[in-house]
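Secondary and tertiary structure notes
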Amino acid sequence: MIQHTRRHATAADYVQLMKPRIMMLVVFTAVAGLVAAQSVSGASMNPIMAVIATLAVALGSGAAGAINMWYDADIDAVMTRTSTRPIPSGAVPREEALAMGLIMSGVSVLMMWLASNALAALLLAGSIAYYGWFYTMLLKRRTPQNIVIGGGAGAFPPVIGWAAVTGSAPLDAWILFAIIFMWTPPHFWALSLLAHKEYAKANVPMLPVARGAKATRNQIMIYSVLLAPLGLVPVVTGLGGMLYGVTAALFGAAFLLLAFKVWRSEAGDGDAPAADLKKAKGLFAFSILYLFVLFAMLIVEHGFAAYLPVTLV
Amino acid sequence: MNETGDHPSANAGQAEERARLAAQKKRNMWLALALFAFVVIVGVTTVIRLGDADLSKDGGVYWRNDPQPREQAPMPELPSDNDADSEEGPV
């Protein structure tokens, strides 16, 4: 275990507890759902209420992150990548992180209810419980499929955004859910191919640890093959227009190509050359860009009147 | 001993205590700000909700200010003079 001396917590430590990078992606996808819902359904939301609902999603994401850091403090201390986090570094006491997570959970759900409706608040509460309890406490240390099932937690934000506007969660919202759900395994497994020794040290049964690097590369390829066409489904339902369709096709093809390169490589194997590790790193970085760009296109099309319908013969 | 006559470890302890209090004060300020922001948000949402709500209708929020009149039972019809003629009187 990596030992750190006790230091005084700063505001930055509490911000770090909320996993700000994950929060940014969560907020971004929620905003995409919010914007698309207004354009597709014709319903409108008071802009101040929309900002408060977005803030509630951010708080909820931060709350789940704090609960995750509270529960995983022991394994975070073992892994080099996470040993500098606020709890293992000694800046924030564990119980303080838990209290922060629980209070923020309540506040975020309440805020969402006040700003929108009960369904959006319920979905937000569900996604916090999904990540903070179901994934963190039940799945992560028990099954190599932890990422696959746990991916549902990160997929909720666009549905929450949609529900905040319309009070319902139609098929289009669940298509966005499915895209993030299918995106999570290749995204995270690309990272775990690089950090599998750390996970083994912490006894976390990530796929490369439990089934080996080759099985992980196979799974990355399978999920990428499913993800690329799934990214185009919004065009079929009319949610995505010309701009979205072209972007999803190009980025989907690039995603497949990078996944194929990882599949052909020896990334994650004990004696993998540096060039192969670079391929896994490349897929990980590109996957973030892929999701960001796809949802950005939805915002551009529906929020800035750039929607051109695609006619399917 | 240092120039002020204090033991170095005592100085270090005081500095540590000062740093702890400073950090605590900073955290408390952030907490106060967060609480204030929450109160403002609740206030703003309430004002907007009340502004948007149509309180004159049954579906308005929080209260109902158009109580419906109670339904009255129909008045029984009084017998007319003709009806009285046609009826057989006491013999």
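Residues numbered from 1 in each chain as written. Chains lettered and ligands numbered in written order. Predicted model: local features only at pLDDT ≥ 70, side-chain atom pairs only at ≥ 80, totals over all residues. Heavy atoms only, no water.

As recorded by an unreviewed UniProt entry, chain B carries the name Cytochrome C oxidase assembly protein and is attributed to Henriciella pelagia.

1. Thoughts on the side chain of A:D72
Residues and elements named next belong to chain A. To keep things clear, this is the line we draw: Put simply, DSSP marks the helices as runs of H or I at least four residues long and the strands as runs of E at least two long, and each gets a number from the N terminus on. Pairing of N or O atoms within 3.5 Å defines a polar contact, subject to two protein rules: one partner must be a possible hydrogen donor and the other a possible acceptor, and residues neighboring in sequence count only if both atoms are side-chain atoms. The criterion used for residue contact is that any of the two residues' heavy atoms lie within 4.5 Å.
For D72, the position within the fold is in the loop between α3 (47-71) and α4 (73-78). There is a polar contact of 2.7 Å between the side chain of D72 and the side chain of K140. When neighbours within four sequence positions are excluded, D72 is seen to be in contact with T136, K140 and R141.

2. A look at the layout of surface pockets
How we decide: Put simply, the grid is 1 Å and covers the protein atoms alone, a cavity is a trapped set of points that fit a 1.4 Å probe, a pocket is an open set with protein on both sides within 12 Å along at least five of seven lines, and lining residues have an atom within 4 Å of a point. Grid points are joined across faces, edges and corners, and a volume is the space filled by probe spheres set on the points. Residues are grouped as follows: Ala, Val, Leu, Ile, Met, Phe, Trp, Tyr, Cys and Pro are nonpolar; Asp, Glu, Lys and Arg are charged; all remaining types, including Gly, are polar. Residue ranges for the domains originate in an automatic or database domain assignment.
Considered as a void within the structure, the largest pocket measures approximately 1400 Å³ in volume. Taken together, 49 residues make up the lining of the largest pocket; nearest its centre are A:K19, A:R21, A:I22, A:Y131 and A:H187. Here the lining of the largest pocket takes eight residues from helix α2 (residues 20-41) of chain A, the largest share from any one element. Counted by class, the lining of the largest pocket contains 29 nonpolar, 14 polar and six charged residues. The residues that make up the lining of the largest pocket include at least three from each of domain 1 (11-169) and domain 2 (170-313) of chain A. Roughly 1100 Å³ of volume is contained in the second largest pocket. In this structure, the second largest pocket is lined by 30 residues; those nearest its centre are A:M100, A:M104, B:W30, B:L31 and B:A34. Counting residues per element, the ones that place at least two in the lining of the second largest pocket are α1 (11-17), α3 and α5 (94-115) of chain A together with α1 (8-52) of chain B.

3. Side note on the environment of A:A200
Residues and elements named next belong to chain A. Our working definition: Type-normalised accessible area, obtained with a 1.4 Å probe on protein chains alone, sets the label of each residue: buried when under 20%, exposed when over 50%, and partly exposed for intermediate values.
With respect to the helices, strands and loops of the structure, A200 is situated in helix α10 (residues 196-201). Judged by relative accessible area, A200 falls into the partly exposed class, the value being 39%. It is 8.7 Å that separates the C-alpha atoms of A200 and A210, two residues lying 10 residues apart in sequence.

4. Quick notes on a nonpolar patch on the surface
Note the cut-off: Patch members must show over 30% relative accessible area and no salt bridge, and they are joined within 9 Å when carrying like charges or within 5 Å when they are nonpolar side chains of Val, Leu, Ile, Met, Phe, Trp or Tyr. Shrake-Rupley sampling with a 1.4 Å probe provides the accessible areas, and residues are treated as covered by the protein chains on show and by no other component. Only one rule defines a salt bridge in this text: a Lys or Arg side-chain nitrogen within 4 Å of an Asp or Glu carboxyl oxygen.
A contiguous nonpolar surface patch, about 340 Å² in accessible area, is contributed by A:I48, B:F36, B:V40 and B:V44. Residue contributions to the nonpolar patch peak at three residues, all from α1(B). Along the chain, B:V44 turns up in helix α1. In this structure B:V44 comes out as partly exposed when scored by relative accessible area, which is 30%.

5. Observations regarding the packing of helix α9 (residues 171-194) of chain A against helix α12 (residues 213-230) of chain A
All names here are of chain A. The condition is simple: Orientation is described by axes fitted as lines to C-alpha atoms, over the contacting stretch for helices, and by angles from 0 to 180 degrees between their N-to-C directions. Note that the term roughly parallel is reserved for angles under 35 degrees, roughly antiparallel for angles over 145, roughly perpendicular for angles of 65 to 115, and oblique for everything else. Note on convention: near helix rotated counterclockwise from far helix by under a right angle means a left-handed crossing. Clockwise means right-handed.
Between α9 and α12, the least distance of the axes is 9 Å, while the angle of their chain directions is 150°. Here α9 is positioned roughly antiparallel relative to α12, judged by the angle of their axes. Where α9 crosses over α12, the two elements pack in a sense that is left-handed. Counting all contacts with α9, which are made through A178, I179, M182, W183, P185, P186, W189, A190 and L193, the residues of α12 involved are A213, T216, R217, Q219, I220, Y223, S224, L226, L227 and L230. Considering only residue class, the contact of α9 with α12 consists of 15 nonpolar, three polar and one charged.

6. What to know about α9(A)
All names here are of chain A. Quick reminder of the rule: By this rule the span expected of a helix is its residue count minus one, scaled by 1.5 Å. The seven residues ending at a residue and the seven starting there each receive a fitted axis; the angle between those axes is the bend at that residue.
Here α9 spans 36 Å end to end across 24 residues, near enough to the 34 Å set by a 1.5 Å rise per residue. The sharpest bend along α9 reaches about 30° and sits at T184, with the proline P185 one to four residues further on. Among the 24 residues that make up α9, 19 are buried, leaving the element largely enclosed by the rest of the structure.

7. Focus: the pattern of salt bridges
Opposite charge on two side chains permits pairing when their charged atoms draw close. Residue and element names in this part refer to chain A. Per the stated rule, a full pass over the model turns up eight salt bridges over all chains. K140 is the salt-bridge partner of D72, the closest N and O atoms lying 2.7 Å from each other. Within this pair, whereas D72 is found in the loop between α3 and α4, its partner K140 is found in the loop between α6 (118-139) and α7 (146-155), the two being separated by 68 residues in sequence. Given the relative accessible area of 0%, D72 is considered buried. Two residues, D276 and K279, come together in a salt bridge whose shortest N-O distance is 3.5 Å. On the criterion of helical spacing, the pair formed by D276 and K279 is a turn pair, its members being three residues apart in helix α15 (residues 274-303). Its relative accessible area of 32% is what places K279 among the partly exposed residues.

8. Side note on the UniProt feature "transmembrane region" (unreviewed entry) in chain B
Selection criterion: UniProt positions are given in the numbering used here, feature names are shortened, and annotations may be inferred rather than shown by experiment.
The UniProt entry lists residues 28-48 of chain B under the feature "transmembrane region" (unreviewed entry), expressed in the numbering used here. Counting secondary structure, residues 28-48 of chain B comes out at 100% helix and 0% strand; the distance between its end C-alpha atoms is 30 Å.

9. Let's talk about the interface of chain B and chain A
Contact with chain B, which involves 14 residues of that partner, is made by 18 residues of chain A. Seen at the junction of chain B and chain A, the total is zero salt bridges. Applying the counting rule to chain B against chain A returns three residue pairs in polar contact (both at pLDDT 80 or more). A per-class count over the side of chain B that touches chain A returns eight nonpolar, one polar and five charged.

10. Here we look at the side chain of A:N68
Residues and elements named next belong to chain A. Along the polypeptide, N68 turns up in helix α3. Residue classification places N68 among the buried residues on the basis of a relative accessible area of 1%. A distance of 3.0 Å separates polar atoms of two side chains, one belonging to N68 and the other to T136.

11. Some remarks on the environment of A:W133
Residues and elements named next belong to chain A. Its place among the elements puts W133 in helix α6. Along the backbone, W133 and A64 are 69 residues apart, and their C-alpha atoms lie at a distance of 8.7 Å. Those residues in contact with W133 that sit more than four places away from it in its chain are I128 and L138.

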